[in-house]
Amino acid sequence: MFKFLTLALFFLLVFTGCSQQEEDLVIYSGRREQFIEPILKEFSEKTGIGVRLLSGGAPEYAHRIIAEKDNPQADLFFANDAGIMEFLRIEGVLQPINTESLEVIPTQFRAQDNSWIGISARSRVLMYNPDVISPEKAPQTLEDLTREEFRGKFALTRPGNASMVSHITALRAYWGEAKTTDFLEQLIDNEPLILHGHTDIRQAVGRGEIAIGLVNNYYYHLQLQEANNNNVKVVYPDQEEGQMGAFVNIAGVALISGSPGEEKALKLIEFMLQPEQQKKFSELSFETPLHPDVPVLDFARPIDSYKHMDIELSSLGSLWPETVSIMERVGYVD
Amino acid sequence: MIKTIVNRSFLWTMPAILALLASLVIIVIAFEAMGDGWSRWVQLFNQRLFELFSRTLSLMALSTVIATFWGISLAWAVEKTTLWGNRFWRWGLALPLVIPPYIGALAFLILFRETNLPIYNLPVTALIMAAFTFPYVFLIVSAALRRMNTNLEEAAQACGKSPSGVFFQVTIPALRPAIIAGATLVALYILGDFGAVSILRYDTFASAIFFRIRGSLDFSGATIISTVLLLTTFGLLGIQRFALGKCHRYQQKTEDLKEPKKIPLGKWHFPILFYVVLVFIFSTLLPAGVLIYWSWLGISAGTIDTSFFQYLFNSLTLAGGAAFISLIFSLPFSYLQVRHPGLLTSVLSGAVFANYSLPGVIVGLALILIGLNFFPFLYNTPLMVIIAYLLRFFPQNLQAARSSFLQLSPNLEEASQSMGFGPLKTLFSVILPNIGPGLLAGASLVFVSSLKELPASLLLRPAGMDTLAIRIWMEASEGFYSTAAPFALLLILISIFPLRYLLNRF
């Protein structure tokens, strides 16, 4: 009985001791914590503003932000995908970011009303292992993957992956529904190896278990950094005259409507847009900085050195549900 | 009699509170599912709901059959025979419970990827799911075997029955409540698991719900599939009720002075030991081996720092809190189930079982809505996570407690009363000594399940309350398995101690 009471008292103490500090900035983040924490730490040290970072899956936080619509609990949302932020904007749970410093980010990488902005770019590329497939035989366009010679030789991520859904949504925006459905059907018929995440893909390509992988470009950069199995090459697809170009997505930050600490949130955004923070972020994450004055890492290609797919990132949110139904129709589902 | 043992209103109040919370989750889901009208339902049914239904049911049936077979046979070998090392097997065979299924499935995947064997199919998926769930049957059946009065078996043996005759005609019928309790836990677990099935690329309701939530940000679609899942659960519970029937055999163990005789295995000793070792290797050593290898890679790369202990403390606090509350609730709840079976009791337990079969992400999202609207003072506190654990895992405690109660004859309580014992004295000197081990064992199940829990923890934790499971996910979801592995290994190690401690006092 005594043990029982002690235990009860312990839990009571723990839970009453966990009161929250109201004045902290609260961030929901779908990004890997290691990329963000150093920047937030420096921000807190310089400004004295406390930051509480909750990291998890971006989609789960998107649902949480929608559920908290009438009673916002967080200030900022870090997402690794433009589509999901635009989806939230359409749901009416974001508000415009009013700060002049966002002018450094080109307009095509922001929401029309600036309620989200890109911080870094992530282009969809084909990485391959030159030991398995020679550079002259490597696919040069996305549609090449549907050809017989690549049957069973390329890897895709699981369909629930936001980068993948966004990529297909971009194709849907560019090609229209019929062509996207055809392409996806042929792609899935061509026996892709479906792996859990992009890291599995880059490692499998590095080990030569699969010839080609469709990934975000920084996974290629990450594989180059590995001590072993780093003999990989990259194709930025569809670069020729008359071809559509590579799909360039962004990772960025969105301001939640009714944010309790809006002013502090704006300060953090301004801080993150400073060239030295952009540089630090791209070094941590291997993504491409969007700030024009920030140099890219020496093995990366600058954002303006290749052809981009000509679509509005802000069109992705509204096409998202339709894309998912296309994916379901062709059987590309989890 | 019951009225005098414990105050009746107390008896009903606690189960009612829990069931009310559980019903709120169901109501939120049903409400959201109705939100978009029938056309969405028709659309989803036309797509692949029927296919998912049959895939889910076949996985559930096959896994449950395998897990139940392993659970019963292993419990019998460990408890009733002279099997070599049975003191170790008693807790060693419960170890798969502490391996997070998504990590275990990943380990299998990586092991088998090298072999080129076809692994993305129903039988392999069912085997792997059974490997992580058979301990539910094993634990509950073992506990029942130990409490079982051996007089009947001895009588049957004396009358010339062969050992197998005793087993099938005496032991198994007496174990029926325990077997059904364990099998139900396995079946409902399979319904709600997402982590492992998604890694093994086997679509079930749970993976469809996740695809709706993660891929398409479609909460109402997810709630529609959840509603179908809930209806399936209610169907299963109906089957459970039918299977249990009305034939309760009360047979608590009398205070035997002699240890019950163990069956000598003779020439069967080696084959049976081989079988036990094989299950142990498959369910525990293989995944643990992969984890240790990754951990070695990770630790030598220097991934461990002091934050490690904060996560450990958070995990222990949250899981401990959930197990503690669950323990308290399980006493009146299981008492009601056994001594007051009826419509009301069935409704109360139906509500909590329904939550057990739901994927954690749906329970988590529903709790966000419930917390914001009904308990804003609890929102963003650790208690929300504990409530989620309680809702998700309480049936594990309940099943263990209930099967203990089923073996305790009400005559004992009546005798205690007639001897002039008051209600509290009866509770502490008659009821608790008999079913206490069952309650504790159940609470230990809640504890290890809560330690592993991911989706609801991710959604509901306040800042700074990251658990070990959350850290594992963060690393593993990005493919940094060697960074994730030390956390997973620690999670397993800390789960072993409560498991051993509690199993020793079964």
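Please read these numbers as outputs of a predicted model, since none were measured by experiment.

What counts and how
- Residues numbered from 1 in each chain as written.
- Chains lettered and ligands numbered in written order.
- Predicted model: local features only at pLDDT ≥ 70, side-chain atom pairs only at ≥ 80, totals over all residues.
- Heavy atoms only, no water.
- Contact = heavy atoms within 4.5 Å.
- Buried area = accessible area lost by both parts, 1.4 Å probe.
- Salt bridge = Lys/Arg side-chain N within 4 Å of Asp/Glu carboxyl O.
- Polar contact = N/O pair within 3.5 Å; in protein donor to acceptor, adjacent residues only side chain to side chain.
- Helix = DSSP H or I, 4+ residues; strand = E, 2+ residues; numbered from the N terminus.
- Nonpolar A, V, L, I, M, F, W, Y, C, P; charged D, E, K, R; others polar.
- Domains from an automatic or database assignment.
- Buried < 20%, exposed > 50% of the residue type's maximum accessible area, 1.4 Å probe, protein only.
- Patch = residues over 30% accessible without salt bridge, like charges linked within 9 Å, V, L, I, M, F, W, Y side chains within 5 Å.
- Areas by Shrake-Rupley, 256 points an atom, 1.4 Å probe, with all protein chains shown as cover.

Draft legend 1. Focus on the interface of chain A and chain B. On the side of chain B, 52 residues touch chain A, which itself brings 53 residues to the contact. When chain A packs against chain B, the two sides together hide about 4600 Å² of surface, and 61% of this comes from carbon and sulfur. Summed over the shared surface of chain A and chain B, the number is three salt bridges. Across the salt bridge formed by arginine 214 of chain B and glutamate 60 of chain A, the nearest N and O atoms sit 3.4 Å from each other. Taken together, the connections running from chain A to chain B amount to 11 residue pairs in polar contact (both at pLDDT 80 or more). Of all elements in the fold, only helix 1 (2–17), helix 2 (33–47), strand 2 (51–55), helix 3 (58–67), helix 4 (82–90), strand 6 (193–195), helix 7 (198–207) and helix 11 (316–329) of chain A reach the threshold of two or more residues within the side of chain A that touches chain B. Split into classes, the residues belonging to the side of chain A that touches chain B amount to 27 nonpolar, 12 polar and 14 charged.

Draft legend 2. Structural view of the environment of threonine 125 of chain B. Residues and elements named next belong to chain B. Mapped onto the secondary structure, threonine 125 falls in helix 6 (residues 122–147). Taking the C-alpha atoms as reference points, threonine 125 and valine 338, 213 residues apart in sequence, are found 35 Å from one another. Excluding residues within four positions of it along the chain, threonine 125 makes contact with Leu59, Ile119, Leu200 and Tyr202.

Draft legend 3. Focus on the domain arrangement of chain A. All names here are of chain A. What the domain assignment reports for chain A is domain 1 (19–121 + 249–300) and domain 2 (123–247 + 320–329). Contact residues are listed per partner, giving 11 residues for domain 1 and 12 residues for domain 2. Counting the surface lost from both domain 1 and domain 2, the interface buries some 1100 Å², and carbon and sulfur atoms represent 64% of this. Sorting the residues of domain 1 by area buried against domain 2 places Asn249, Phe286 and Phe299 first, and these three jointly supply 47% of that buried surface. For the pair domain 1 and domain 2, the interface holds three residue pairs in polar contact (both at pLDDT 80 or more). Class assignment of the residues belonging to the side of domain 1 that touches domain 2 gives a composition of five nonpolar, four polar and two charged.

Draft legend 4. View of the pattern of salt bridges. Throughout the structure, instances matching the rule amount to 29 salt bridges over all chains. Ionic pairing is found between glutamate 86 of chain A and arginine 89 of chain A, a salt bridge with its closest N-O pair at 2.9 Å. Of this pair, glutamate 86 of chain A and arginine 89 of chain A both sit in helix 4, three residues apart, roughly one helical turn. On the basis of relative accessible area, glutamate 86 of chain A is assigned to the buried category, the value being 1%. A residue is classified by how much of its surface remains accessible, and arginine 89 of chain A, at 24% relative accessible area, is partly exposed. Among the ionic pairs, arginine 471 of chain B bridges to aspartate 466 of chain B, the shortest N-O distance being 2.8 Å. Since its relative accessible area comes to 7%, arginine 471 of chain B is described here as buried. Classification of aspartate 466 of chain B by relative accessible area gives buried; the value is 8%. Salt bridges linked by common partners bring Glu33 of chain A together with Arg461, Asp466 and Arg471 of chain B together as one network.

Draft legend 5. Representation of a nonpolar patch on the surface. All names here are of chain B. A contiguous nonpolar patch, built from Phe270, Phe274 and Leu278 and spanning about 360 Å² of accessible area, is present on the exposed surface. Among the structural elements, phenylalanine 270 can be located in helix 12 (residues 269–300). Accessibility expressed as a relative area gives 61% for phenylalanine 270, which makes it exposed.

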